[in-house]
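Summary of structural features
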Amino acid sequence: MTESPESSSDVPGRLFLIIGRLSRSLRQASAPGPGHGAISAMATLGSCGRMRLGDLAAREGVAAATMSRIVAALVESGYVHREPDPIDRRAWLVALTAEGERLLSDVRSTRIHELSTRIDRLSTEHRQALEAAVPALEALLGDEERLRV
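Okay, so let's go over this structure. All values derive from a computational prediction rather than experimental measurement. (Residues numbered from 1 in each chain as written. Predicted model: local features only at pLDDT ≥ 70, side-chain atom pairs only at ≥ 80, totals over all residues. Heavy atoms only, no water.)

So, helix H3 (residues 36-48)
What counts here: Each helix is a run of H or I in the DSSP string that is no shorter than four residues. Each strand is a run of E no shorter than two, and both are numbered from the N terminus. Each helix should span, by expectation, one fewer than its residue count multiplied by 1.5 Å. Only protein chains enter the accessibility calculation, which uses a 1.4 Å probe; a residue is then buried when its area is under 20% of its type maximum, exposed when over 50%, and partly exposed in between.
Between its terminal C-alpha atoms H3 stretches 18 Å, which fits the 18 Å expected from 13 residues at 1.5 Å a residue. Of the residues making up H3, those classed as buried are Ala38, Ile39, Ala41, Met42, Ala43, Thr44 and Leu45. Just downstream of H3, Gly49 is the residue with a positive phi angle, here 85°.

So, the sheet that holds strand S2 (residues 80-84)
To keep it simple, the criterion reads: We call two strands paired when DSSP finds no fewer than two bridges between them. Pairs of residues are marked as contacts when any of their non-hydrogen atoms sit within 4.5 Å. Interaxial angles span 0 to 180 degrees and are taken between N-to-C directions of axes, which are lines fitted to C-alpha atoms, for helices over the stretch in contact.
Taken in spatial order, the three strands of this open sheet run S1-S3-S2, and their pairing is antiparallel. If you trace the sheet from one side to the other, it starts and ends with strand S1 (51-52) and S2, each paired once. Note: S2 against strand S3 (residues 92-96), five bridges, orientation antiparallel. Looking at S3, one finds that Pro84 is bridged to Trp92. Most of the contacts of helix H5 (residues 64-77) go to S2, to which it runs at about 110°, and overall it touches S2 and S3.

Digging into the pattern of salt bridges
Just so we agree on the cut-off: The working definition used for a salt bridge is a side-chain nitrogen of Lys or Arg within 4 Å of a carboxyl oxygen of Asp or Glu.
Counted by the stated rule, this structure contains six salt bridges. Between Arg102 and Glu99 there is a salt bridge, with its nearest N and O atoms 2.8 Å apart. One end of the pair, Arg102, and the other, Glu99, are both in helix H6 (residues 98-120), three residues apart, so they sit about a helical turn from each other. The residue Glu114 makes a salt bridge to Arg118 at a minimum N-O spacing of 2.8 Å. Placement of the pair is Glu114 and Arg118 together in helix H6, with a separation of four residues, close to one helical turn. Taking the relative accessible area as the measure of exposure, Glu114 reaches 24% and is therefore partly exposed. The class of Arg118 is partly exposed, set by a relative accessible area of 24%. Within this structure, Arg52, Asp85, Asp88 and Arg90 form a network of salt bridges that share partners.

Note that all results are geometric; they support no functional claim without further evidence.
In structure tokens, the structure reads:
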């Protein structure tokens, strides 16, 4: 199948689809467990440390009620624990438990291994092009987002 010049010049549209599909495919390669939103919240806690529920919701770009449901499920599963905020006893701080850290590490390891396997199957030319594109892709995230990864 050949691409028309018009479709090959639509870099933002193509990247949007490719990144979304690749991300979904890598998530499906992982063992069953918490969903994407929960893993994302755990990754944020893993990189940022304990934080208030509202701050976690803002960082994840979801409503506080949504994050409250995600955290409640993670607490019930033993992946996250809650504690009162010493500065404001009405608020809660959430943090990963040791089990949550293990799960997050396992998920990352599985997804990275799957991605490495796919990269290894590429031609040398494509692997080199992908390696050369990594700094540009990182720049798309911006400084604040890059620190979360």
